[in-house]
Every structure is written in structure tokens, then in C-alpha cells.
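Single-letter residue listing:
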Amino acid sequence: MRNDVRTLREAAGLSQGALGTALGVSRQTINSIETGKYDPSLPLAIAIARHFATTVEEIFHVDA
């Protein structure tokens, strides 16, 4: 699943560690989400969307 987490994080001027802290997860988790190695749980995906004031559908894109 593709996502725009890195783009949103960089636009907000956040490091992976800072975003992880804000969301209660590790920097490694953020890195894995950004690189597509890990699909976040629904609660984490919602938390990411809320953090960036957008929707889950705007951030995460299912590859067809």
C-alpha cells in the first residue's frame, strides 16, 4: 500500500522520531510505514490522519 506519510511529515518539518513520539510509536515504525514495509493498524492510520488533519483515504492508497 502506498502512502504519503513521508511527504506530510517533511512538509510539517517533523523528523521520524518526532512524529513517532507524537503518535506513541517508535521512529522505526514510522520508517517502516513510509517505506511500505509495514501497513499500520487501523487505529494508528486514523491517528496519523488526525495528526495531519486529513483522512485515512487521503494518506493511504491501495495499489490496484
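In this text the structure is predicted, and so the values were computed from the model without any measurement.

1. Observations regarding the overall build of the protein chain
Working step 1: Along the protein chain, the regular secondary structure elements total five helices and two strands.
Working step 2: Taken across its 64 residues, the protein chain has 28% of its residues classed as buried.
Working step 3: A total of about 3900 Å² of accessible surface is found on the protein chain, and carbon and sulfur atoms cover 52% of it.
Working step 4: Counting 6 positive and 7 negative side-chain charges, the protein chain places the averaged centre of each group 8 Å from the other.

2. Considering the side chain of E34
Working step 1: Mapped onto the fold, E34 is located in helix 3 (residues 27-34).
Working step 2: In contact with E34, not counting residues within four places along its chain, are N3, V5, R6, R9 and Q16.

3. A few points about the UniProt feature "domain: HTH cro/C1-type" (unreviewed entry) in the protein chain
Working step 1: Those residues carrying the UniProt feature "domain: HTH cro/C1-type" (unreviewed entry) are residues 5-59 in this numbering.
Working step 2: In the segment residues 5-59, helix accounts for 67% and strand for 0%; the C-alpha atoms at its two ends are 7 Å apart.

4. Observations regarding the packing of helix 2 (residues 16-23) against helix 4 (residues 42-51)
Working step 1: At a minimum axis separation of 10 Å, helix 2 and helix 4 run at an interaxial angle of 110 degrees. Taken together, the axes of helix 2 and helix 4 are roughly perpendicular relative to one another. Crossing handedness for the pair helix 2 and helix 4: right-handed. Of the residues in helix 4, those touching helix 2 at L19, A22 and L23 are L44, A47, I48 and H51.
Working step 2: Residue composition of the contact of helix 2 with helix 4, by class: six nonpolar, one polar and no charged.

Basis of the calculations
Residues numbered from 1 in each chain as written. Predicted model: local features only at pLDDT ≥ 70, side-chain atom pairs only at ≥ 80, totals over all residues. Heavy atoms only, no water. Helix = DSSP H or I, 4+ residues; strand = E, 2+ residues; numbered from the N terminus. Buried < 20%, exposed > 50% of the residue type's maximum accessible area, 1.4 Å probe, protein only. Areas by Shrake-Rupley, 256 points an atom, 1.4 Å probe, with all protein chains shown as cover. Lys, Arg positive; Asp, Glu negative; His and termini not counted. Charge placed at Lys NZ, Arg CZ, Asp CG, Glu CD. Contact = heavy atoms within 4.5 Å. UniProt positions renumbered as here; feature names shortened; annotations may be inferred. Axes fitted to C-alpha atoms, helices over the stretch in contact; angles between N-to-C directions. Parallel < 35°, antiparallel > 145°, perpendicular 65-115°, else oblique. Left-handed = near helix turned anticlockwise from the far one by under 90°. Nonpolar A, V, L, I, M, F, W, Y, C, P; charged D, E, K, R; others polar.

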